[in-house]
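In case you want the letters, here they are:
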Protein chains: 2
Amino acid sequence: MSILVVGSVAYDNLETPAGKRDDVLGGAATHFSVAASFFTDVHLVGIVGHDFEDAHIEFLRGRGINLNGLEVVTTGKTFRWTGSYLNDLNSAETHDTQLGVFAEFDPTLDEEQKTKPYLFLANIHPQLQLKVLDQMETPQLVAMDTMNLWINTERDALQKVIERVDCLFVNDGEAKLLTGESGMLAAAKTLRAWGPRIVVIKRGEYGSLLFTDAGIFSAPAFLLDSIADPTGAGDTFAGGFLGSVARAGNLEDETLRRGVLFGTVMASFQVQGFGLDRLRTLTRDEIEGRFSQLGKMLTADTSPLFAKA
Amino acid sequence: MSILVVGSVAYDNLETPAGKRDDVLGGAATHFSVAASFFTDVHLVGIVGHDFEDAHIEFLRGRGINLNGLEVVTTGKTFRWTGSYLNDLNSAETHDTQLGVFAEFDPTLDEEQKTKPYLFLANIHPQLQLKVLDQMETPQLVAMDTMNLWINTERDALQKVIERVDCLFVNDGEAKLLTGESGMLAAAKTLRAWGPRIVVIKRGEYGSLLFTDAGIFSAPAFLLDSIADPTGAGDTFAGGFLGSVARAGNLEDETLRRGVLFGTVMASFQVQGFGLDRLRTLTRDEIEGRFSQLGKMLTADTSPLFAKA
């Protein structure tokens, strides 16, 4: 089944301990779309300016991503983020944000987009997320991401979005900030009580936690020797998760658990290159290989001990 | 098979966000022994002073722990640690340490102790750990713990111990400090190259990692609503690990993976009470129940995705 994603398409100027790169293709919707495109059809709704390169349009089309919803505004520039991760790979420092045409982003869905069964509301202003939600017909699964900025400044609108989605992606810091709970068990309980029956808490190098009616799944991170650039890891995780779930076409707990593992795998590749460099050459065989390795990291005989004696 | 443990038996004065307790039975060898006693026979080698309470001797004996190696010195007092965890449950602040009779601890093993198949060198001065190692005949598995103090002040002696053991328990901070590596993959590789073929890296609320020739196992932490007192969690983890491994009587990777999960389970109970309070009433059924819950947290279908299509 296909996925509709609404969010930012951007250029990033990045600095990490591994180096410095300018004009890197980025944006939450971009990262999500490219990751999900390995699994299923993706329709992207976003906005770019006159400086958006044809080569990047071709790259996204080449990944099979439907760009009917990508508006090109010739009177302005593409959203640009300048940031670094010099002290801590888990925490970006923003040096500059140029919204450009993104300031006028006002997502309007066409008839085809409205009927998509899976929707990902990437990290944009909660009012825009609500506007997209209002246009959708009967999606089977709506998932969302957000960020500290909206938690701190647009709490009421954000709360309304959270109450209307099925699946919420947050990192552990956002979970604490949203709920005031320091323990992830209590935080997830609170978040699920607000509405989303599926809550995924991402913990960076420590893996992630999936909370559903069926219980808790704890996924390990894939251990890497080094990280080139963490930008987009969360959106790539969401892309692998929703992509694999949409491909499976059901919301069984087993499917969701596999989704967390595919999200982990996609994010682990993503951070090994700047921007989308690693995903440009990634193959399904490589995804399958790392998924199998990750599976071995969580395999254990959990049959009873004392009963055996 | 039975386990010999050599280390501290102590009284702790503790303060945590959950409260304040004085004269709490503690010490690394105590915590380890009580945890391991749920699984197999344990022989404890340690030293206490004239103030050590009969009721505590009886408690340990009641758990089936062999105390032939517990020396009682009537001319001094039991090792006493005063500490708190007021700002961060993961990091103890030491307010006072009274070594008492522990300053003259000079472990000498009897003929029975020397022949034990499993040995746990709890966190004591590396020279004492070496002395114990020199007395052992042909143990099947030697495991050790250590701490920042010895890494910083007794590095040469500590390195000699590490090179002679089969299994090393460290937390992530100690792994970084020992190896200079910030990534756990690189740290474990370095540690295993020094000697121990089994390396367990404990990451508190994020679970733990097991590194062996067979690969990596990532164990989740058991999620708790609240923590009363983290004192002894690491030793309790080691006790659950080695206890269950000794009970299984083999060093297969499957056994070691189960060991990490039993260590996790035992530590999860331990931190729910002050000192050994929770373990005093713990039953095998409760252990088995939480082990089963933990197993569900890591269960996933990891069969290939694309091959299925």
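Residues numbered from 1 in each chain as written. Chains lettered and ligands numbered in written order. Predicted model: local features only at pLDDT ≥ 70, side-chain atom pairs only at ≥ 80, totals over all residues. Heavy atoms only, no water.

K.L.:
What's the story with the pattern of salt bridges in this structure? I'm lost.
P.N.:
Two side chains carrying opposite charge are able to pair once their charged atoms lie near each other. Residue and element names in this part refer to chain B. In total, this model carries 22 salt bridges over all chains according to the counting rule given. Between Asp 106 and Lys 131 there is a salt bridge, and its shortest N-O distance comes to 2.3 Å. Taken together, the positions of Asp 106 in the loop between β7 (93-98) and α3 (111-114) and Lys 131 in helix α4 (residues 126-135) put the pair 25 residues apart, joining distant regions of the chain. We classify Lys 131 as partly exposed; its relative accessible area is 30%. For Arg 192, the salt bridge is made with Asp 213, and the minimal N-O distance between the two is 2.5 Å. Of this pair, Arg 192 sits in helix α8 (residues 184-194) while Asp 213 is found in the loop between β12 (208-212) and β13 (215-219), placing the two residues 21 residues apart along the sequence. You can call Asp 213 exposed: its relative accessible area is 68%. (Salt bridge = Lys/Arg side-chain N within 4 Å of Asp/Glu carboxyl O. Helix = DSSP H or I, 4+ residues; strand = E, 2+ residues; numbered from the N terminus. Buried < 20%, exposed > 50% of the residue type's maximum accessible area, 1.4 Å probe, protein only.)

K.L.:
In this structure, what is going on with the packing of aromatic side chains? I would like to understand it.
P.N.:
Where two aromatic rings form a pair, the distance of their centres and the angle of their planes describe that pair. Scanning the entire structure with this criterion turns up 23 aromatic pairs over all chains. When the centroid spacing of 5.4 Å and the interplanar angle of 70° are considered together, the rings of Phe 39 of chain B and Phe 262 of chain B count as edge-to-face. Residue Phe 39 of chain B is found in the loop between α1 (28-36) and β4 (42-49), and its partner Phe 262 of chain B is found in helix α10 (residues 253-270); the two are separated by 223 residues along the sequence. Both residues of the pair, Phe 39 of chain B and Phe 262 of chain B, count as buried. Members of the aromatic cluster, connected to one another through ring pairs, are Phe 32, Phe 120, Phe 169, Phe 237 and Phe 241 of chain A. A cation over a ring is seen here: Arg 63 of chain A above Phe 38 of chain A, with NZ or CZ 3.7 Å from the ring centre. Directly above the aromatic system of Phe 59 of chain A lies the positively charged group of Arg 280 of chain A, at a separation of 4.1 Å from the ring centroid. (Phe/Tyr/Trp six-rings, centres within 6.5 Å; stacked < 30°, edge-to-face > 60°. Lys NZ or Arg CZ within 6 Å of the ring centre and 35° of its normal.)

K.L.:
It is not clear to me how the interface of chain B and chain A should be interpreted in this structure. Could you clarify?
P.N.:
Where interface size is given, it is often the accessible area lost as the parts come together that is meant. Each side of the interface is counted separately: chain B has 42 residues, and chain A has 42 residues. Around 3800 Å² of area is buried between chain B and chain A when both sides are counted, 60% of it from carbon and sulfur atoms. On the surface where chain B and chain A come into contact, there are two salt bridges. Residue Arg 258 of chain A is joined to Asp 301 of chain B by a salt bridge in which the shortest nitrogen-to-oxygen separation is 3.5 Å. Seen at the junction of chain B and chain A, the total is 15 residue pairs in polar contact (both at pLDDT 80 or more). Those elements that provide at least two residues to the side of chain B that touches chain A are β12, β13, α9 (233-248), α10 and α12 (284-297) of chain B. (Contact = heavy atoms within 4.5 Å. Buried area = accessible area lost by both parts, 1.4 Å probe. Polar contact = N/O pair within 3.5 Å; in protein donor to acceptor, adjacent residues only side chain to side chain.)

K.L.:
Which parts of the structure should I look at to understand α4 of chain B?
P.N.:
One full turn of an α-helix is made of 3.6 residues, so residues set three or four places apart face in the same direction. All names here are of chain B. The element α4 is extensively covered by neighbouring structure, given that seven of its 10 residues are classed as buried. Burial in α4 covers these residues: Pro 126, Leu 128, Gln 129, Leu 130, Val 132, Leu 133 and Gln 135. Where the residues of α4 are buried, they touch β1 (3-6), α3, β8 (118-121), β9 (141-144), α5 (148-153) and α6 (155-164).

K.L.:
Where do I start with the environment of Phe 222 of chain A in this structure?
P.N.:
All names here are of chain A. The residue Phe 222 is located in the loop between β13 (215-219) and α9 (233-248) in this model. Taking the C-alpha atoms as reference points, Phe 222 and Ala 267, 45 residues apart in sequence, are found 9.0 Å from one another. Excluding residues that lie within four positions of it along the chain, Phe 222 makes contacts with Thr 264, Ser 268, Arg 290, Gln 293 and Leu 294.

K.L.:
I would appreciate a short explanation of the relation of the copies chain B and chain A in the present structure.
P.N.:
A rotation about some axis, followed by a shift along it, carries one copy of the chain onto the other. The transformation that overlays chain B on chain A combines an axial shift of 0.0 Å with a rotation of 180°, and the residual RMSD is 0.0 Å. Taken together, the rotation and translation relating the two chain copies correspond to the operation of a two-fold axis. (Least-squares fit on C-alpha atoms with pLDDT ≥ 70 in both.)

K.L.:
Would you mind going over the confidence of the model for chain A with me for this structure?
P.N.:
Low pLDDT marks regions whose predicted coordinates should not be analysed in detail. The share of residues in chain A with pLDDT of 70 or more is 99%, and the mean pLDDT across the chain is 96. Both scores are given for the predicted complex: the pTM is 0.96, the ipTM 0.94. (pLDDT = per-residue confidence, 0-100.)

K.L.:
Just to check I follow, could you spell out unusual backbone geometry for this structure?
P.N.:
Most peptide bonds are trans, and most residues other than glycine sit at a negative phi. Phi at Asp 23 of chain A takes a positive value of approximately 55°, unusual for a residue other than glycine. Along the chain, Asp 23 of chain A turns up in strand β3 (residues 19-26).

K.L.:
Is there a simple way to think about α9 of chain B in this case?
P.N.:
Residues and elements named next belong to chain B. With 16 residues, α9 extends 22 Å from end C-alpha to end C-alpha; this agrees with the ideal 22 Å at 1.5 Å per step. Counting buried residues along α9, 13 of its 16 residues qualify, which places the element largely inside the surrounding structure. One or two positions beyond α9, positive phi appears at Gly 249, with a value near 75°. (Expected span 1.5 Å × (residues − 1).)

K.L.:
Is there a simple way to explain the packing of α1 of chain B against α9 of chain B in this structure?
P.N.:
When two helices pack together, their arrangement is given by the angle between the helix axes and by the axis-to-axis distance. Residue and element names in this part refer to chain B. Where α1 meets α9, the axes come as close as 7 Å, and the angle between the chain directions of the two elements is 40°. Considering the angle they form, α1 stands oblique to α9. The chirality of how α1 crosses α9 is right-handed. For the pair formed by α1 and α9, the contact residues are Ala 28, His 31, Phe 32, Ala 35 and Ala 36 on the first element and Asp 235, Thr 236, Ala 238, Gly 239, Gly 240, Leu 242 and Gly 243 on the second. Here the contact of α1 with α9 is built from residues that sort into six nonpolar, five polar and one charged. (Axes fitted to C-alpha atoms, helices over the stretch in contact; angles between N-to-C directions. Parallel < 35°, antiparallel > 145°, perpendicular 65-115°, else oblique. Left-handed = near helix turned anticlockwise from the far one by under 90°. Nonpolar A, V, L, I, M, F, W, Y, C, P; charged D, E, K, R; others polar.)

K.L.:
What's the story with the sheet that holds strand β3 (residues 19-26) of chain B in this structure? I'm lost.
P.N.:
In sheet architecture, strand pairing relies on hydrogen bonds along the backbone and comes in two forms, parallel and antiparallel. Residue and element names in this part refer to chain B. Strands sit in the order β3-β2-β6-β7 across an open sheet of four strands; the sheet is mixed. On the outer flanks of this sheet lie β3 and β7, each paired with one strand and no other. Sheet twist, expressed as the average angle between the axes of neighbouring strands with direction ignored, equals 15°. (Pairing = 2+ DSSP bridges.)

K.L.:
How should the nonpolar core be read in this particular structure?
P.N.:
Most often, soluble globular proteins keep nonpolar side chains buried together rather than apart. Core analysis: the biggest nonpolar cluster contains 208 residues, and Phe 241 and Ile 287 of chain A together with Phe 241 and Ile 287 of chain B have the highest contact counts within it. Residues in contact with Phe 241 of chain A, not counting those within four places in the same chain, are Cys 167, Phe 169, Ile 198, Val 200, Leu 256, Gly 259, Val 260 and Gly 263 of chain A. (Core = buried A, V, L, I, M, F, W, Y, C linked by side-chain atoms within 4.5 Å.)

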